[in-house]
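# Summary of structural features
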Amino acid sequence: MLQQTWTSRCLMKFYAVVAASPTSWDSHKIAERIEQRILNSNPVMEAFGNACTLRNNNSSRFGKFIQLQLNSAQQMTGAAVQTYLLEKTRVACQASSERNFHIFYQMCKGASADERLQWHLPKGAAFSWLPNSERTLEEDCFEVTREAMLHLGIETPTQNNVFKVRRRAWPLRFGGGDGQPLAQ
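The text that follows walks through the structure, step by step, so that each part is easy to find. (Residues numbered from 1 in each chain as written. Predicted model: local features only at pLDDT ≥ 70, side-chain atom pairs only at ≥ 80, totals over all residues. Heavy atoms only, no water.)

With that settled, the discussion passes to the side chain of Glu115. Structurally, the position occupied by Glu115 is in helix α4 (residues 113-118). What Glu115 contacts, discounting residues up to four positions off in sequence, is Gly110 and Arg146. (Helix = DSSP H or I, 4+ residues; strand = E, 2+ residues; numbered from the N terminus. Contact = heavy atoms within 4.5 Å.)

With seven of its nine residues buried, helix α3 (residues 102-110) lies for the most part within the structure. Buried within α3 are the following residues: His102, Ile103, Phe104, Tyr105, Gln106, Met107 and Cys108. (Buried < 20%, exposed > 50% of the residue type's maximum accessible area, 1.4 Å probe, protein only.)

What follows covers the packing of helix α5 (residues 142-151) against helix α6 (residues 156-163). Direction vectors running N to C along α5 and α6 enclose 130 degrees, while the axes themselves pass 10 Å from each other. In terms of their interaxial angle, α5 and α6 are classed as oblique. Helix-helix and strand crossings are classified by hand; for α5 and α6 the assignment is right-handed. Residues Phe142, Arg146, Met149 and Leu150 of α5 form the contact with α6, whose own contacting residues are Thr156, Gln159, Asn160 and Phe163. Considering only residue class, the contact of α5 with α6 consists of four nonpolar, three polar and one charged. (Axes fitted to C-alpha atoms, helices over the stretch in contact; angles between N-to-C directions. Parallel < 35°, antiparallel > 145°, perpendicular 65-115°, else oblique. Left-handed = near helix turned anticlockwise from the far one by under 90°. Nonpolar A, V, L, I, M, F, W, Y, C, P; charged D, E, K, R; others polar.)

What follows is the structure, given as structure tokens:
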């Protein structure tokens, strides 16, 4: 677990306790639900925003700003999480010993045969945008990411649309001339 994830979790617990009125069970439950949704966003943000770099295996490629919303009675009523992707170029290229964002490896290792077919990810294919795929990391846990997405309200059909490789969306430099990602 990342230090910033652990720090976020501790701060959320603190604010949830402070912001919940001791006389209102409903306020406490709302604060707990908000806290849980924010914490569930961490596996999703890590999958889509972290990568294995030369410095560490789970290097954050984004910044995160969490805004807690309180009412006039100082009870937590909501929260907003903003992320700032710092390294969009990582999708196109990485240093020789680095990997792309975790989500790509999670998909290739965790998808079922039916999902791989639906998402255009042939079994055994090595994609040029997935270097060092032989390295297995603790962060390659696709089920954790999918479960977190469900908890955040991202249903399976929407997830399938997110994970589907859009063959026509790949520029020629990524493809073999037919619009498909270049398999090595």
